[in-house]
Structures are given as structure tokens and as C-alpha cells.
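Examination of the molecular architecture
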Amino acid sequence: MNIKLTCGSELLIAGWPGDIPPTLEQLLAAAGTTRPEVAATWCDEQGRLRESLPIFINGEHIRYRKGLRTELREGDEVYVIPLIAGG
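Conventions we followed
Residues numbered from 1 in each chain as written. Predicted model: local features only at pLDDT ≥ 70, side-chain atom pairs only at ≥ 80, totals over all residues. Heavy atoms only, no water. Buried < 20%, exposed > 50% of the residue type's maximum accessible area, 1.4 Å probe, protein only. Helix = DSSP H or I, 4+ residues; strand = E, 2+ residues; numbered from the N terminus. Pairing = 2+ DSSP bridges.

The side chains of a regular strand alternate between the sheet's two faces. By the alternation rule, side chains of strand β5 (residues 77-80) split into V78 and V80, which are all buried, and E77 and Y79, of which none is buried. With four bridges joining them, strand β1 (residues 4-7) and β5 adopt parallel strand pairing. Paired with K4 across the strands is E77, a residue of β5. Here strand β3 (residues 55-57) pairs with β5 via three bridges, running antiparallel. Among the inter-strand pairings, F56 is bridged to a residue of β5, identified as Y79.

Following this line, the structure appears as C-alpha cells:
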């Protein structure tokens with residue numbers, strides 16, 4: 001399946017095996033296995049996805065969908081906007 005996951009300017013996943021589309025949670029978990037150093041920045045101290053982490057599917061924030069339970073479709077593009085902190 002043609003599904004993309006991008007974090008900032010970095011393409012993390014380009015394609016999904018098989019014909020069964022993943023949920024957003026499954027896609028993010030797959031990124032965590034291939035790029036754990038990137039995915040680790042998405043989680044809080046308890047290992048839960050940060051509520052403040054902006055994630056969009058085709059330009060729409062996941063809060064307007066089913067959150068992590070959103071079922072992805074052929075051609076979907078998921079964008080994670082990296083959190084930047086400093087002072």
C-alpha cells in the first residue's frame with residue numbers, strides 16, 4: 001500500500017506491506033521499530049504518545065479523526081511535526 005510517514009523533512013515510512021491498511025497506531029509503532037531514536041522523542045516519560053505532538057493525516061489533525069485508532073487508506077500521508085524546545 002502507498003502510505004507515507006514523515007517527521008519534519010525526514011521520510012520514515014514509504015509504503016505498507018500487504019493489502020490490509022494499518023491504523024495510525026500501527027504505523028507509528030512500525031516507525032518505532034525502524035527508527036527508535038526518532039519515535040522516542042514522540043513519547044513522554046511513561047512511554048505514551050505526547051498529547052502536544054502535532055500529527056496530521058493528509059493535512060487534517062488526528063484529533064478531528066479517531067486519533068491513534070484512525071484507519072489509514074491507500075495514498076494517505078501522515079505528518080508528525082517534531083517538537084522543538086529550548087530557551
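Structure's up, so let's keep going.
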